[in-house]
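Here is what each chain is made of, one letter per residue.
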Amino acid sequence: MDELRVLSVCGNLGYGFPKTSLDNGLARDPHIMGADNGSTDAGPYYLGSGDQLTKREQIRRDLGFSLAAARKKKIPYIIGSAGTAGGNPHVDSVLDTMHELAKRDGHRFKLAVIRSEMDKEFIKRAVREKRTRTLGKLPELTEEMVDESVRIVGQMGLEPFMTALEGGAEVVLAGRSCDTAIYTSYAAMQGFDLGLAFHMAKIIECGAQCALPIGANDCILGTLREDHFELEPMNEGMRVTPGSVAAHMMYEQPDPYLFYEPEGVIDLKDSEFEQLGERRVRVSGSRFVQAQTPTIKIEGVRLRGYRTIAVAGMTDPRLIASLDEVEANVKNTVADMVRGALSPEDYELRFIFYGRDGVMGRPSAEDQGTPREVGVVMEAIARDQTTANAVLSLTRSTFLHSGFEGRKATAGNLAFPFSPSDFEGGPVYEFHIYHLVELEDAAAPFEVEFAQVG
Amino acid sequence: MERLYDLAEVLRSKNAGPLHITLDLLFPDEATYRRVADSEALTPGVVSELYEMEVEQVKIVHFDAANAIKITIPRKGPTSGAPGDRDVYGAQQHGPLLDLMIP
């Protein structure tokens, strides 16, 4: 095989891509198609709850078009990090939509499903054998942390995908995946250079995010050859330049010269970028250095409680100048009122003051004088929803009528935009596991199941 | 002297995983990039003061191919999206850099 053409449908299946771009991509006769469907960016809620960031209607649209395209061309189609977080409920949800579409459109294909939820005993054994490592601010992993997790997923590398493809899968639906593995696995099977294959995958897994104008929700074609690869956006209104491709290597990762995969590290220090025509770029020189021991990244969350919030605005200048005083008063009053029923560790209460320091959590050096308007988000978290509702209700009414030094607007402190003012946020989770696990066999925890669809 | 915000073509922040924030500064041309990169205005020391953290926690990479500077820092509060976090995607953490004055 001299040339491998890989079509990336988009950066996140469900965000929507132009159908014309997909058609343009198909006209180039790709050998394989892929789409990423997940990320930790939206926070811990999705892994914890089993919900998806992209809703079923969005998946139905994007998967409908792309699955029909892959089946029409009879080329393998790989979907990674199914359903945002890649846990079993996420995979099952996308799988259900896939069955529905196959029935609707009359598709028949061999499917491989690769699950990525980690068995707790498997991870605890790694903890005992000191094969886990922290990736920064979290403490080293303990068996207790594993036990208290709601769900743990591992990011699969190349091998499970290769097993699926070698087994004849025409569609691969995978749980939590290294984004690069979606696009590198087939190239690895064909014996292409892994430095180039991984680098190309790292770029196209974001769809046309590397293009001008930026378009994560659009299709891009990667063409891999012996000593280079080429990138071309499938939207005719987009182009890539050496600058835009190089700049993309900075996106969402800590180092533009190096990135790590379970199989090893990809070194981009000698990568070269060359413009071809108006809209294409050729990349060469990227190198792969194999790891001595493969590692996989695992992600886990624990339940912190249930949340209720209220949103309100304030314009009174004396109130706005007294927010620290009011906040302390409200917290103290709430603590007094719940005494006997709740102890301080039974609930969390927070105030975010937008217009003052809502994002950064501290006043910026620029701040002078009192803002004209400030918005407040009141947040209560407690062990169950009923308790969170009650604590927030008490907090809201106390804030509304709280006194402070020099108060003139004595009828009420808050402008509520909504009735009812309080909103249940449901369960609240926290990433408490984001660690590396060393494995002799990086594919071991990822089971590949085959099934005939249609 | 000019503000960093006025010199940069792209000045953004984003999660690099749930534990880190990465800040990208892309400049319109090599001269502007070199002006900032070669100045003493944007060092780990300066960034550590702006973000109130230890200087050892700040990693700065100069990326000539894109006329760009990359700064990666740990999240100061909880992990992304945990109770007490204020920016789940980390997309608005570039504020402290805006007014940095570049000679």
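In every chain, residue numbers begin from 1 and rise along the written sequence. Following the order in which they are written, the chains are lettered starting with A and the ligands numbered starting with 1. Local features are withheld for residues below a pLDDT of 70 in this predicted model, meaning they are given only at 70 or higher, and side-chain atom pairs are given and counted only at 80 or more; totals for whole chains, interfaces and linings count all residues.

Peer 1: I'd like a rundown of the overall build of chain A, residues and numbers included.
Peer 2: A count of helical and extended segments in chain A gives 13 helices and 19 strands. Counting only C-alpha atoms, chain A reaches 80 × 50 × 45 Å along its principal axes. Residues are called buried when their C-beta atom has 20 or more other C-beta atoms within 10 Å, exposed when it has 12 or fewer, and partly exposed otherwise; all C-beta atoms are positioned from the backbone. Across the 454 residues of chain A, 48% fall into the buried class. Contact between two residues is assigned whenever their backbone-derived C-beta positions fall within 7 Å. Within chain A, counting contacts between residues at least 6 apart in sequence, those at least 24 apart form 77% of the total. In DSSP terms, a helix is any run of H or I states spanning at least four residues, a strand is any run of E spanning at least two, and both are numbered starting from the N terminus.

Peer 1: Any details on the overall build of chain B? Residues and values, ideally.
Peer 2: Each helix and strand in chain B was counted, giving three helices and six strands. From first element to last, N terminus to C terminus, chain B shows the α and β order β-α-β-β-α-α-β-β-β. Between the two quantities, the radius of gyration covers C-alpha atoms and the globule rule is 2.2 Å times the number of residues to the power 0.38. Computed over its C-alpha atoms, the radius of gyration of chain B comes to 13 Å, within 12% of the 13 Å expected for a compact globule of 103 residues. The principal-axis extents of the C-alpha atoms in chain B amount to approximately 45 × 20 × 20 Å. The buried share of chain B, taken over its 103 residues, is 39%. Counting contacts in chain B only where the partners sit at least 6 residues apart, residues at least 24 apart contribute 60% of the total.

Peer 1: Provide a residue-level description of the interface of chain B and chain A, including the pertinent values.
Peer 2: In this assembly, 33 residues from chain B lie in contact with 34 residues from chain A. Listing elements by their share of the side of chain B that touches chain A, those giving two or more residues are strand S2 (10–15), strand S3 (20–26), strand S4 (59–63) and strand S5 (68–74) of chain B. Grouping the amino acids of the side of chain B that touches chain A by side-chain chemistry returns 15 nonpolar, eleven polar and seven charged. Each residue receives one of three labels: charged for Asp, Glu, Lys and Arg, nonpolar for Ala, Val, Leu, Ile, Met, Phe, Trp, Tyr, Cys and Pro, and polar for the others, Gly being one of them.

Peer 1: Pulling in residues and values, what's your account of the nonpolar core?
Peer 2: One broad rule of soluble globular proteins: the nonpolar side chains tend to lie buried together. Residues and elements named next belong to chain A. Val 172 and Leu 173 are the most contacted members of the largest nonpolar core, which has 146 residues in total. Counting residues per element, this core draws most heavily on helix H9 (residues 194–204), at eight residues. Setting aside residues no more than four positions away along its own chain, Val 172 makes contact with Pro 76, Ile 78, Ile 79, Ala 112, Ile 114, Phe 161, Ala 164 and Leu 165. By convention in this section, buried Ala, Val, Leu, Ile, Met, Phe, Trp, Tyr and Cys residues joined through C-beta atoms within 7 Å make up a nonpolar core.

Peer 1: How would you summarise the sheet that holds strand S10 (residues 258–261) of chain A if you had to cite specific residues and measurements?
Peer 2: Residue and element names in this part refer to chain A. A pair of strands is considered paired only if DSSP assigns at least 2 bridges between the two. On the basis of which strands lie adjacent, the open sheet formed by three strands has the order S10-S11-S14 and antiparallel pairing. Edge strands, defined here as strands with exactly one partner in the open sheet, are S10 and strand S14 (287–290). On average, each strand axis in the sheet is inclined to that of its neighbour by 25°, with strand direction left out of account. Bridge count between strand S11 (residues 264–267) and S14: four bridges; the pairing is antiparallel. The residue bridging Gly 264 from the neighbouring strand is Gln 290, located in S14. Axes here refer to lines fitted to C-alpha atoms; in helices the fit is confined to the stretch in contact. Angles between the N-to-C directions go from 0 to 180 degrees. Across the face of the sheet, H9 comes into contact with S10, S11 and S14 while running at roughly 110° to S14.

Peer 1: Describe the sheet that holds strand S7 (residues 171–174) of chain A, and please don't skip the residues or the numbers.
Peer 2: Residue and element names in this part refer to chain A. Strand order in the open sheet made by the ten strands is S12-S13-S9-S8-S1-S2-S3-S7-S4-S19, with mixed pairing throughout. Strands with a single pairing partner mark the edges of an open sheet, and in this sheet they are strand S12 (272–276) and strand S19 (448–453). Strand-to-strand twist across the sheet, computed as the mean angle between neighbouring axes with direction ignored, equals 20°. Where strand S4 (residues 109–114) and S7 come together, four bridges link them in parallel fashion. What sits directly across from Val 113, in S7, is Leu 173. Packing of helix H7 (residues 158–166) onto the sheet brings it into contact with strand S3 (77–84), S4, S7 and S19, and relative to S7 it is tilted by some 150°. Packed onto the sheet, H9 meets strand S1 (4–8), strand S8 (220–224), strand S9 (229–233) and strand S13 (280–284) and runs at close to 175° relative to S8.

Peer 1: Before we move on, could you go through the packing of helix H12 (residues 323–338) of chain A against helix H13 (residues 385–401) of chain A and cite the residues and values that matter?
Peer 2: Think of two packed helices as two axes; the pair is described by the angle between the axes and how far apart they sit. All names here are of chain A. One way to put it is that H12 packs onto H13 with a least axis distance of 9 Å and a crossing angle of 135°. The angle between the axes of H12 and H13 places the two elements in the oblique class. The crossing of H12 and H13 is right-handed. Where H12 approaches H13, its residues Val 326, Val 330, Thr 333, Val 334, Met 337 and Val 338 are matched on the opposing element by Val 391, Leu 394, Thr 395, Thr 398 and Phe 399. Partitioned by chemical class, the residues of the contact of H12 with H13 number eight nonpolar, three polar and no charged. Note on terminology: angles under 35 degrees are roughly parallel, angles over 145 are roughly antiparallel, angles of 65 to 115 are roughly perpendicular, and the others are oblique. Should the near helix be turned anticlockwise from the far one by less than a right angle, the crossing is left-handed, and should it be turned clockwise, the crossing is right-handed.

Peer 1: Go over the environment of A:Lys120, please, and point to the residues and values.
Peer 2: Residues and elements named next belong to chain A. Relative to the helices and strands, Lys 120 is located in helix H5 (residues 120–128). Note on Lys 120: 15 C-beta atoms within 10 Å, which makes it partly exposed. When the C-alpha positions of Lys 120 and Glu 148 are compared, they lie 10.0 Å apart, and in sequence the two are 28 residues distant. In this view, Lys 120 contacts Val 146 and Asp 147; residues no more than four positions away in its chain are not counted.

Peer 1: Which residues make up the pairing of S7(A), and what are the values?
Peer 2: Consecutive side chains along a regular strand alternate between the two faces of the sheet. Residue and element names in this part refer to chain A. Here S7 shows no split at all, with Val 171 and Leu 173 on one side and Val 172 and Ala 174 on the other all buried. Where S3 and S7 come together, three bridges link them in parallel fashion. Within S7, the residue paired with Ile 78 across the bridge is Val 172.

Peer 1: How would you summarise H13(A) if you had to cite specific residues and measurements?
Peer 2: Taking 1.5 Å of rise per residue, the 17 residues of H13(A) would be expected to cover 24 Å, and the 24 Å separating its terminal C-alpha atoms lies within 8% of that figure. Every buried residue of H13(A) is accounted for by A:Thr387, A:Ala388, A:Val391, A:Leu392, A:Thr395, A:Arg396, A:Thr398 and A:Phe399. Multiplying one less than the number of residues by 1.5 Å gives the expected span of a helix.

Peer 1: So what's going on with H9(A)? Residues and values would help.
Peer 2: Within an α-helix, residues lying three or four positions from one another point in the same direction, as the helix has 3.6 residues per turn. Here H9(A) lies mainly inside the structure; eleven of its eleven residues are buried. Among the residues of H9(A), A:Leu194, A:Gly195, A:Leu196, A:Ala197, A:Phe198, A:His199, A:Met200, A:Ala201, A:Lys202, A:Ile203 and A:Ile204 are the ones counted as buried.

Peer 1: Could you give an account of the environment of A:Gln290, naming the residues involved and the relevant values?
Peer 2: Locating A:Gln290 in the fold gives a position in strand S14. Apart from residues lying up to four places away in sequence, A:Gln290 is in contact with A:Glu263 and A:Gly264.

Peer 1: How would you sum up unusual backbone geometry? Please name residues and give values.
Peer 2: Residues and elements named next belong to chain A. A cis amide bond links Leu 212 with the next residue in sequence, Pro 213, at an omega value of -15°. Secondary-structure assignment places Pro 213 in the loop between H9 and S8. If you check the backbone angles, Asp 29 has positive phi at about 50° while not being a glycine. By the secondary structure assignment, Asp 29 is in the loop between helix H1 (19–26) and strand S2 (32–38). Positive phi is not limited to glycine here, since Thr 84 has a value of about 80°. Mapped onto the secondary structure, Thr 84 falls in strand S3.

Peer 1: Give me the confidence of the model for chain B: which residues, what numbers.
Peer 2: Mean pLDDT for chain B: 95, with 100% of residues reaching 70 or above. Prediction confidence for the complex, expressed as pTM and ipTM, is 0.94 and 0.92 respectively. Note on scores: pLDDT gives the predictor's confidence for each residue, bounded by 0 and 100.

Peer 1: Any details on the packing of helix H8 (residues 179–189) of chain A against H9(A)? Residues and values, ideally.
Peer 2: All names here are of chain A. Packing of H8 against H9 brings their axes to within 8 Å, and their N-to-C directions diverge by 145°. With respect to the hand of their crossing, H8 and H9 are arranged in right-handed fashion. Residues Thr 180, Tyr 183, Thr 184, Ala 187 and Ala 188 of H8 pack against Leu 194, Ala 197, Phe 198, Met 200, Ala 201, Lys 202 and Ile 204 of H9. When grouped by side-chain class, the residues that make up the contact of H8 with H9 number nine nonpolar, two polar and one charged.

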